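Coordinate analysis (summary)
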Amino acid sequence: MELKDFTEKEQQQIREGLSTAVISDKAAADKILALVPQEWIRKIPFFVRKHATTKTIERIANQYPELYAVAKREGELPEKEREELRKIITAIFEEKMAKHHIG
């Protein structure tokens, strides 16, 4: 996927710089992003990757604060919460990748 594959409006936003979320706990974000297949993340064009990943973590933190709080704890994610977060983040990525025709 290249810049020309986006709409004119999206291209303008990319040129101006897409917004990114401020992640308060990088370790928690890393634990959650590790649940996404790495080939999916590599499919996201590099110029929108930071926007896509930080906004997804921000969305999880806002919509699922109890799961995000577990991810902020030291150590590995417990099995139950890891699977819940895996389902959530996978669904978000599938939705966004389909929306932007990334496959």
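Higher on the page you've got the structure.
Residues numbered from 1 in each chain as written. Predicted model: local features only at pLDDT ≥ 70, side-chain atom pairs only at ≥ 80, totals over all residues. Heavy atoms only, no water.

1. Quick word on the overall build of the protein
- What the protein contains, in helices and strands, is six helices and zero strands.
- Across the protein, helices and strands are ordered from the amino to the carboxyl terminus as α-α-α-α-α-α.
- A compact globule built from 103 residues would reach a C-alpha radius of gyration of about 13 Å, and the protein, at 14 Å, matches this within 12%.
- Oriented by its inertia axes, the alpha-carbon framework of the protein measures out at about 45 × 25 × 20 Å.
- Among the 103 residues that make up the protein, the fraction classed as buried is 35%. (Helix = DSSP H or I, 4+ residues; strand = E, 2+ residues; numbered from the N terminus. Rg over C-alpha atoms; globule rule 2.2 N^0.38 Å. Buried < 20%, exposed > 50% of the residue type's maximum accessible area, 1.4 Å probe, protein only.)

2. Considering the nonpolar core
- Within the largest apolar cluster, 26 residues are counted, with the highest numbers of intra-cluster contacts made by Ile32, Ile57, Ile60, Leu85, Ile89 and Phe93.
- Sorting the residues of this core by element identifies helix H2 (26-33), helix H3 (38-43), helix H4 (46-63), helix H5 (65-72) and helix H6 (79-99) as the ones contributing at least two each.
- With six residues, H6 is the single largest residue contributor to this core. (Core = buried A, V, L, I, M, F, W, Y, C linked by side-chain atoms within 4.5 Å.)

3. Some thoughts on unusual backbone geometry
- Its identity as a non-glycine residue notwithstanding, His101 has a phi of 60 degrees, on the positive side.
- Residue placement: His101 occurs in the segment after H6.
- His101 gets classed as exposed once you look at its relative accessible area, which sits at 70%.

4. With respect to the packing of H2 against H5
- H5 packs onto H2 with a crossing angle of 105 degrees between their chain directions and a minimal axis gap of 8 Å. In this view, H2 runs roughly perpendicular relative to H5, as classed from their interaxial angle. Mapping the contact onto sequence places Ala28, Lys31 and Ile32 in H2 and Tyr68, Ala71 and Lys72 in H5.
- Residue classes in the contact of H2 with H5 are distributed as four nonpolar, no polar and two charged. (Axes fitted to C-alpha atoms, helices over the stretch in contact; angles between N-to-C directions. Parallel < 35°, antiparallel > 145°, perpendicular 65-115°, else oblique. Contact = heavy atoms within 4.5 Å. Nonpolar A, V, L, I, M, F, W, Y, C, P; charged D, E, K, R; others polar.)

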